[in-house]
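Next come the chains, spelled out residue by residue.
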Amino acid sequence: MTDLERVPILRIVPGPSDINANGHIFGGWVLSQMDIAAGIVASRRADGPVATVAIERMEFIAPIHLRDLISVFAQVEQVGRTSMRVRIEVVAHRDRGATEVKVTEGLFTFVALDEKHRPRPIDPEKA
C-alpha cells in the first residue's frame, strides 16, 4: 500500500505472552492491534464513536517475531452515509530498525454511532 500515510497510528512491541506454539505472534493479537488503529482513524473521521462491523479482507503475509517493533498504518478509503472502510497495513521493524517487513494488511468497515449506539450519518464534508 503506497498511498497510506507513513506516520503510524499505533506502534507497539509484542511481549512473550503474545507468542503462539510456533514462536510467532498470535494472529488474534495482530488483529486486535489493527482494529485499535483503524478505530482511532475511523473515530476521527466520524467525529465520534464508531464500531467495527466487518473485516472485509485480511491477509497474513509474514510472521511477527518477538522483539519486532510493529507499526500499524491506517487510512480511510471510502465513506458512505453511516459507515466507512479503513485500509490497514502492519509493518515489522527488525534488527534494530535495519529491516522492515510488511506482515499483514486488511480492510475493515466501521459504522458511526449515536448516543444510543445506533448508526448515525457521517458528515460528507469533513475530510
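The structure displayed is predicted, hence computed values, not measured ones.

Draft legend 1. Summary view of the sheet that holds strand β3 (residues 69–79). Read from one edge of the open sheet, 5 strands run β1-β3-β4-β5-β2, paired in antiparallel fashion. Looking along the sheet, the strands with just one partner apiece sit at the ends: β1 (10–12) and β2 (50–60). The average undirected angle you get between the axes of adjacent strands in this sheet is 25°. Examined bridge by bridge, β2 and strand β5 (residues 99–112) share 9 bridges and lie antiparallel to one another. From the neighbouring strand, Val-50 faces β5, where its bridge partner is Ala-112. Contacts between helix α1 (residues 27–46) and the sheet are confined to β1, β2, β3, β4 (83–94) and β5, with β5 contributing the most and set at about 55° to the helix.

Draft legend 2. Layout of the pairing of β3. Looking at chain direction, β1 and β3 are connected through 3 bridges and run antiparallel. Bridge pairing in β3 places Leu-10 opposite Val-72. Pairing geometry for β3 and β4, over 10 bridges, is antiparallel. Within the sheet, the bridge partner assigned to Ser-71 lies in β4 and is Val-91. What sits between the antiparallel neighbours β3 and β4 is a turn of 3 residues.

Definitions and cut-offs
Residues numbered from 1 in each chain as written. Predicted model: local features only at pLDDT ≥ 70, side-chain atom pairs only at ≥ 80, totals over all residues. Heavy atoms only, no water. Pairing = 2+ DSSP bridges. Helix = DSSP H or I, 4+ residues; strand = E, 2+ residues; numbered from the N terminus. Axes fitted to C-alpha atoms, helices over the stretch in contact; angles between N-to-C directions. Contact = heavy atoms within 4.5 Å.

Scope: geometric values only; no functional claims are made or implied.
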